[in-house]
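Observations on chain architecture
Each chain is listed here by its residues.
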Amino acid sequence: MRTFRLVIACPDRVGIVAKVSNFLASYNGWITEASHHSDNQSGWFFMRHEIRADSLPFGLEAFREAFAPIAEEFSMTWRITDTEQKKRVVLMASRESHCLADLLHRWHSDELDCDIACVISNHDDLRSMVEWHGIPYYHVPVNPQDKTPAFAEVSRLVKHHEADVVVLARYMQILPPQLCQEYAHQVINIHHSFLPSFVGAKPYHQASMRGVKLIGATCHYVTEELDAGPIIEQDVVRVSHSDSIEDMVRFGRDVEKMVLARGLRYHLEDRVLVHGNKTVVF
């Protein structure tokens with residue numbers, strides 16, 4: 001069923017829900033899902049409504065025009081999206097295939113409601129898997145001595161494919177600050193949740209030597225500060241002394257791909273609202 005998704009963040013006060021609900025009711029808007037959250041610490045209010053598109057007498061542009069006075073009255077940061085307009089996704093990966101393969105499978109199986117525009121990689125290893133799905137694959141090598149040309153090409157490809165969101169599916173390069181700023185809250189990353197305890201190469205080996213009992217993964221938006229952006233989703237799996245390093249790596253890959261898929265789904269469904277360095281996920 002085609003729906004419009006109305007997402008709102010604004011300073012908290014009395015009457016917000018009533019005003020929005022009355023506006024929708026006045027146009028016979030049929031709400032199929034409603035989520036609200038009042039943050040006592042920040043004093044902000046967050047809202048997400050799904051409305052049946054066929055219940056309204058107008059499309060997005062007319063909706064925006066009609067709703068604008070209410071948004072101004074309550075100092076809202078807001079957006080309205082149409083589920084009929086699929087978001088365009090650019091995937092980026094290096095050599096590890098588990099996250100990329102999982103997202104491609106979910107897309108191929110219609111579990112992710114989006115268009116995958118292309119895959120960009122700094123290695124050529126995963127080309128055959130991607131092209132089997134009929135998706136363009138771009139090999140953009142990164143010179144460690146001068147990464148500027150490579151990321152200029154990455155930026156060009158992202159623009160060319162009109163990406164709504166970029167997903168780093170185990171892309172093992174640090175994006176430059178300019179790219180992070182240009183696509184703020186539009187670049188999603190996944191990494192293990194051992195940080196900051198086990199930094200650098202072979203984190204699972206380090207964790208095994210310390211006898212960790214939980215392995216986790218974090219999905220977050222990319223910012224200039226490495227691995228410190230607003231968190232979208234996290235999960236853990238329990239391990240024990242009897243698990244080998246190979247077991248731990250396997251468990252880690254499993255939880256990484258699950259968390260990344262959920263985080264991307266939340267973003268695609270307009271369920272993530274960012275406020276400062278914190279998220280509200282409906």
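Note that the coordinates shown come from a computational prediction; the quantities given were computed from them, not determined experimentally.

Some thoughts on the packing of helix H3 (residues 98-108) against helix H8 (residues 245-268)
Close contact between H3 and H8 brings their axes to 9 Å; oriented N to C, the two are set at 45°. One finds that H3 runs oblique with respect to H8. H8 is crossed by H3, and the crossing has right-handed handedness. Of the residues in H8, those in contact with His98, Cys99, Asp102, Leu103 and Arg106 of H3 are Arg253, Glu256, Lys257, Met258, Leu260, Ala261 and Leu264. Along the lines of polarity and charge, the residues of the contact of H3 with H8 split into six nonpolar, one polar and five charged.

Focus: the sheet that holds strand E1 (residues 3-11)
Paired through their backbone hydrogen bonds, the strands of a sheet run either parallel or antiparallel. Sheet architecture is open: four strands sit in the order E2-E3-E1-E4, paired in antiparallel fashion. The sheet is open, and its two edges are formed by strand E2 (31-39) and strand E4 (77-82), each paired on a single side. Going across the sheet, the axis of each strand differs from the next one's by a mean of 5°, ignoring polarity. In terms of strand pairing, E1 meets strand E3 (residues 44-52) through nine bridges, oriented antiparallel. Counted as the bridge partner of cysteine 10 is phenylalanine 45 from E3.

Looking at the packing of aromatic side chains
Remark: the centre distance and the inter-plane angle together describe each pair of aromatic rings, the angle taken between the planes. Under the definition given, this model contains seven aromatic pairs. Both rings, one in phenylalanine 23 and one in phenylalanine 63, keep their centres 5.5 Å apart while their planes meet at 85°; by these two values the pair is edge-to-face. Separated by 40 residues along the polypeptide, phenylalanine 23 in helix H1 (residues 16-26) and phenylalanine 63 in helix H2 (residues 60-73) bring together distant segments of the chain. Here the two residues phenylalanine 23 and phenylalanine 63 agree in accessibility, since each one is buried. Taking the centre distance of 5.2 Å and the plane angle of 70° together, the rings of phenylalanine 23 and phenylalanine 67 count as edge-to-face. With phenylalanine 23 in helix H1 and phenylalanine 67 in helix H2, this residue pair connects regions lying 44 residues apart in the sequence. In textbook terms, an aromatic cluster arises when at least three aromatic residues are bridged by ring pairs, as seen for Phe23, Tyr27, Phe58, Phe63, Phe67 and Trp78.

Observations concerning the sheet that holds strand E10 (residues 214-221)
The seven strands are arranged E7-E6-E5-E8-E9-E10-E11 in an open sheet whose pairing can be described as mixed. In the strand order of this sheet, the two ends are held by strand E7 (137-139) and strand E11 (231-238), each with one partner. Across this sheet, the average inter-strand angle for adjacent strands is 20°, counted without regard to direction. Examined bridge by bridge, strand E8 (residues 165-168) and strand E9 (residues 187-192) share three bridges and lie parallel to one another.

Thoughts on the pairing of strand E5 (residues 87-93)
Residues in a regular strand point their side chains to alternate faces of the sheet. Where burial is concerned, most of E5 is hidden: six out of the seven residues are buried. As defined by bridge partners, E5 adjoins strand E6 (residues 114-121) across seven bridges and the pair is classed as parallel. Pairing of leucine 91 across the sheet is with valine 119, part of E6. For the segment spanning E5, H3 and E6, crossover handedness is right-handed.

Comments concerning the UniProt feature "active site" (unreviewed entry) in the protein
Those residues carrying the UniProt feature "active site" (unreviewed entry) are Asp227 in this numbering. For aspartate 227, the position within the fold is in the loop between E10 and E11.

Section: H2
Between the first and last C-alpha of H2 there are 20 Å, a value that for 14 residues agrees with the 20 Å anticipated at 1.5 Å per step. Of all bends in H2, the biggest is about 45°, found at phenylalanine 67, and the proline proline 69 comes one to four residues later. Residues of H2 that are buried include every one of Leu60, Phe63, Phe67, Ile70 and Ala71, and no others. In this structure, the buried side of H2 is in contact with E1, H1 and E4. Positive phi shows up at serine 75, right after H2, with a value of about 55°.

Cut-off values and rules
Residues numbered from 1 in each chain as written. Predicted model: local features only at pLDDT ≥ 70, side-chain atom pairs only at ≥ 80, totals over all residues. Heavy atoms only, no water. Axes fitted to C-alpha atoms, helices over the stretch in contact; angles between N-to-C directions. Helix = DSSP H or I, 4+ residues; strand = E, 2+ residues; numbered from the N terminus. Parallel < 35°, antiparallel > 145°, perpendicular 65-115°, else oblique. Left-handed = near helix turned anticlockwise from the far one by under 90°. Contact = heavy atoms within 4.5 Å. Nonpolar A, V, L, I, M, F, W, Y, C, P; charged D, E, K, R; others polar. Pairing = 2+ DSSP bridges. Phe/Tyr/Trp six-rings, centres within 6.5 Å; stacked < 30°, edge-to-face > 60°. Buried < 20%, exposed > 50% of the residue type's maximum accessible area, 1.4 Å probe, protein only. Right-handed = clockwise from strand over helix to strand, strands pointing away. UniProt positions renumbered as here; feature names shortened; annotations may be inferred. Expected span 1.5 Å × (residues − 1). Bend = angle between axes of the 7 residues up to and from the residue.

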